[in-house]
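Listed here are the chains, written in short residue letters.
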Amino acid sequence: MTTATRRSARTDDPYTPTHADVLESEAVHILREVAGEFERPVILFSGGKDSIVMLHLALKAFAPAPVPFALLHVDTGHNFPEVLEYRDRAVAAHGLRLHVASVQDYIDRGVLKERPDGTRNPLQTLPLTETIQSERFDAVLGGGRRDEEKARAKERVFSLRDRFSQWDPRRQRPELWQLYNGRHAPGEHVRVFPLSDWTELDVWQYIAREGIELPEIYFAHEREVFRRSGMWLPVGAWGDPKDGETVERRRVRYRTVGDMSCTGAVDSDAVTLDQVIAEITASRLTERGATRADDKLSEASMEDRKREGYF
C-alpha cells in the first residue's frame, strides 16, 4: 500500500494504519537505523515542538530501554525562558545527557561578534560544528521538515556532511525504498531528519493524539511586543525597540521558537490544541515564512547556512 493510499484510507478501520501511524512508523524506523549504524548519535533539542516530538518518538522507539542518544542545544543566549525551562525539565524527567553549545561563550572569547541587527541565529553555526567535532558525534538528528522552507525541501533524510560540517548536494545519496546509507569517513558526520515527510499540521495533530506537553508560549497569552518587518517581536534582553517602534500588549502565540530577536509571534486566541490545529489548517503562510526574520535576510539565507554547516 502506498503512502497516498494510506492517507486516504478509512480511519475507522482498526487494521488500516492512519496517516499519523505511517509517519510515526517511518520516524521510529529512522531512529532505530541511526542507533544501529552510528556510534555517537545526538539529538538537536531546543525545547521547540519539532524537537519535542522527536524526543517523544525516540522514547517510544526504544522503550522500555533508555534513549541511546544524548541531546545537544545551541543556546544563543536570547532563547525564550519558558522554552529553556521546558528543556531542563524534559532532560531531568527522562534522565538524559544534555550538551549545551553557548553562543555567548564564543562572543565573550572574541571568536564571534554581535550582529548590528542583534540577531544571533546566524551565529549558531560555529558553536554547533565545533561541538560536533569535539564530542565526535557521527550522527546529528534534527527536527527539520521539508515543508518549512525551500532549502529544507532539498534535504535527504540522511544528509552527509564533510569534516567541516558542510553540505555538498553532489555527495548526497539516493534513498530508494527507505534504505539509508550512513557510511562516512573519519571526521565526517551525517545529519538525520526523521520528520522530513511531516508537515506543521502533522506535527500538531500528532501532539494532540499523543497528549504531548509543550511550552506554554505555543498557546495564546498576553505579551509585550512591537512591530518590525511585518512581525510581532518580543520585548526582552536581546534589544530594545528602535525609534518609531511602539510597544503594545497583545494576545499572541508562537508557531515556532528560536532566538527572540528573530522569532515573531502571531495574533491568536488559540488556547487549546484543537484551536491551534484549526488556525494552522486555515493559514496560508508557512510557520517560518510568517515568523522567522532570519529566513528573510536574503532569498538564499537558509541555503547559505546549510552550506556553512548549520542546518
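The structure contained in this document is the topic of the report that follows. (Residues numbered from 1 in each chain as written. Predicted model: local features only at pLDDT ≥ 70, side-chain atom pairs only at ≥ 80, totals over all residues. Heavy atoms only, no water.)

### Topic: the overall build of the protein
So, step 1. Tallying secondary structure elements over the protein gives 11 helices and 10 strands in all.
So, step 2. Classification of the 311 residues of the protein by burial places 53% in the buried group.
So, step 3. Excluding contacts between residues fewer than 6 apart, the proportion of contacts in the protein whose partners are at least 24 apart in sequence is 72%.
So, step 4. Just so you have it, the protein exposes about 14600 Å², and 50% of that area is on carbon and sulfur atoms. (Helix = DSSP H or I, 4+ residues; strand = E, 2+ residues; numbered from the N terminus. Buried < 20%, exposed > 50% of the residue type's maximum accessible area, 1.4 Å probe, protein only. Contact = heavy atoms within 4.5 Å. Areas by Shrake-Rupley, 256 points an atom, 1.4 Å probe, with all protein chains shown as cover.)

### Some words on the sheet that holds strand S3 (residues 98-102)
So, step 1. On the basis of which strands lie adjacent, the open sheet formed by six strands has the order S3-S2-S1-S4-S6-S5 and mixed pairing. Of all the strands in the sheet, just S3 and strand S5 (158-161) have a single pairing partner and so form its edges. Between one strand axis and the next, the sheet turns through 25° on average, direction left out of account.
So, step 2. Here strand S4 (residues 139-141) pairs with strand S6 (residues 189-192) via three bridges, running parallel. Counterpart to Val140 in the pairing with S6 is Arg191.
So, step 3. Across the sheet, helix H2 (residues 19-37) is in contact with strand S1 (41-44), S4, S5 and S6; its angle to S5 comes to roughly 40°. (Pairing = 2+ DSSP bridges. Axes fitted to C-alpha atoms, helices over the stretch in contact; angles between N-to-C directions.)

### Quick notes on the side chain of Ser51
So, step 1. Mapped onto the elements of the fold, Ser51 is located in helix H3 (residues 49-62).
So, step 2. Of the residues examined, Ser51 reaches a relative accessible area of 7% and is grouped as buried.
So, step 3. Here the side chain of Ser51 touches Gly47 through a polar contact of 3.4 Å, landing on its backbone nitrogen. (Polar contact = N/O pair within 3.5 Å; in protein donor to acceptor, adjacent residues only side chain to side chain.)

### With respect to the pairing of strand S2 (residues 70-75)
So, step 1. For S2, a buried count of six out of six residues is recorded, marking the element as mostly surrounded by other parts of the structure.
So, step 2. Alternating residues of S2 divide into Ala70, Leu72 and Val74 and Leu71, His73 and Asp75, and every residue in both groups is buried.
So, step 3. The sheet contact formed by S1 and S2 spans three bridges and is parallel. Residue pairing for S2: Val42 is matched across the bridge by Ala70.
So, step 4. After leaving S1, the chain enters H3 and then returns to the sheet as S2, a path that is right-handed.
So, step 5. Here five bridges tie S2 to S3, and the two strands are oriented parallel to one another. In the strand pairing of S3, Val74 is matched with Ala101. (Right-handed = clockwise from strand over helix to strand, strands pointing away.)

### Section: empty space enclosed by the protein
So, step 1. Applying the stated criterion across every chain yields a total of two cavities of 30 Å³ or more.
So, step 2. Along its surface, the second largest cavity is lined by Phe158, Ser159, Leu160, Gln172, Arg173, Pro174, Glu175, Asn181 and Val190.
So, step 3. Top contributing element to the lining of the second largest cavity by residue count: S5, with three residues.
So, step 4. Grouping the constituent residues of the lining of the second largest cavity by class yields four nonpolar, three polar and two charged. (1 Å grid on protein atoms, 1.4 Å probe; cavity = no way out; pocket = protein on both sides within 12 Å on 5 of 7 lines; lining within 4 Å. Points joined across faces, edges and corners; volume = space filled by probe spheres on them. Nonpolar A, V, L, I, M, F, W, Y, C, P; charged D, E, K, R; others polar.)

### Concerning the sheet that holds strand S10 (residues 266-267)
So, step 1. One open sheet accounts for four strands, arranged S8-S7-S9-S10; its pairing is antiparallel. The sheet is open, and its two borders are formed by strand S8 (231-234) and S10, each paired with just one other strand.
So, step 2. Judged from the four bridges that link them, strand S7 (residues 221-228) and S8 form a sheet pairing that is antiparallel. Bridge pairing links Arg227 to Trp232 in S8.

### Concerning helix H6 (residues 125-135)
Structurally, the α-helix is built with 3.6 residues per turn, so residues lying three or four positions apart point the same way.
So, step 1. Those residues of H6 that sit buried are Thr125, Pro127, Leu128, Thr129, Thr131 and Ile132.
So, step 2. Positive backbone phi, approximately 60°, marks Arg136, located one or two places after H6.

### Some words on the environment of Glu248
So, step 1. Note that Glu248 resides in strand S9 (residues 248-253).
So, step 2. Through-space distance from the C-alpha of Glu248 to that of Glu224 is 5.5 Å; in sequence the pair is 24 residues apart.
So, step 3. Beyond its immediate stretch of four places on either side in the chain, Glu248 contacts Arg223, Glu224, Val225 and Trp232.
So, step 4. Side chain to side chain, Glu248 and Arg250 meet in a polar contact 2.9 Å long.

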